[in-house]
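Descriptive structure summary
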Amino acid sequence: APALMPVMLDGLIWRSRVTENGQRRVNYYIKHLLVDAHGDFNKTIEWITDNQDPKLVCHPIVSMVTDWIWGKVAFRTFLYGKAWFLFTLIIFIC
């Protein structure tokens, strides 16, 4: 039921009806999109990618989850891998 995914993802966003200084409080419920029952990374992002629906990938919940994973987890691992590659490249060139 890929057509129901945006509706389900919209249900994970709570928006307050009260505004303060022109801003509205918003809560995102993303725990089960990140972590499965065993405490490991969930495969939600992989499933969304396999679906190949650009509207689904641009949803605010999916965008927030992928930005959070990239900023908190994957970016450091990516940089460490590239630093090791640059180090070995410099050694090879010298």
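Our subject in this report is the structure included herewith.

Procedures and definitions
Residues numbered from 1 in each chain as written. Predicted model: local features only at pLDDT ≥ 70, side-chain atom pairs only at ≥ 80, totals over all residues. Heavy atoms only, no water. Helix = DSSP H or I, 4+ residues; strand = E, 2+ residues; numbered from the N terminus. Rg over C-alpha atoms; globule rule 2.2 N^0.38 Å. Buried < 20%, exposed > 50% of the residue type's maximum accessible area, 1.4 Å probe, protein only. Contact = heavy atoms within 4.5 Å. Lys, Arg positive; Asp, Glu negative; His and termini not counted. Charge placed at Lys NZ, Arg CZ, Asp CG, Glu CD. Core = buried A, V, L, I, M, F, W, Y, C linked by side-chain atoms within 4.5 Å. Bend = angle between axes of the 7 residues up to and from the residue. Patch = residues over 30% accessible without salt bridge, like charges linked within 9 Å, V, L, I, M, F, W, Y side chains within 5 Å. Areas by Shrake-Rupley, 256 points an atom, 1.4 Å probe, with all protein chains shown as cover. Salt bridge = Lys/Arg side-chain N within 4 Å of Asp/Glu carboxyl O. Pairing = 2+ DSSP bridges.

1. Side note on the overall build of the protein chain
Along its length, the protein chain carries 5 helices and 2 strands. Start at the N end of the protein chain and walk to the C end: the helices and strands fall as α-β-β-α-α-α-α. The C-alpha radius of gyration of the protein chain comes to 19 Å, more than 25% above the 12 Å expected for a compact globule of 94 residues. A principal-axis box enclosing the C-alpha atoms of the protein chain has dimensions of 65 × 40 × 30 Å. Put simply, the protein chain has 94 residues, and 15% of those count as buried. Taking the contacts inside the protein chain whose residues are at least 6 apart along the sequence as the reference set, 42% of them involve residues at least 24 apart. The centroid of the 10 positive side-chain charges in the protein chain is displaced by 8 Å from the centroid of its 8 negative side-chain charges.

2. Focus on the nonpolar core
Judged by nonpolar contacts, L9, L12, I13, I30, L33, L34, I48, L56, I61, V62 and V65 together constitute the single largest core of 11 residues. If sequence neighbours within four positions are ignored, I30 has contacts with I61, M64 and V65.

3. Observations concerning helix 5 (residues 60–93)
A maximum bend of about 50° is found in helix 5 at A74. Among the residues making up helix 5, those that are buried are I61, V62 and V65. Looking at the buried positions of helix 5, the neighbouring elements they touch are helix 1 (5–10), strand 1 (13–20), strand 2 (23–28), helix 2 (31–34), helix 3 (44–51) and helix 4 (54–57).

4. Regarding a nonpolar patch on the surface
A surface patch of nonpolar side chains, about 560 Å² in accessible area, is lined by F85, L86, L89, F92 and I93. As for its position among the elements, F92 is in helix 5.

5. Some points on the pairing of strand 2
Pairing of strand 1 with strand 2 involves 5 bridges; the strand directions are antiparallel. Counterpart to I13 in the pairing with strand 2 is Y28. Taking the residues that link successive antiparallel strands as the turn, the strand 1-strand 2 hairpin has 2 residues, and the phi of N21 there is positive, at about 55°.

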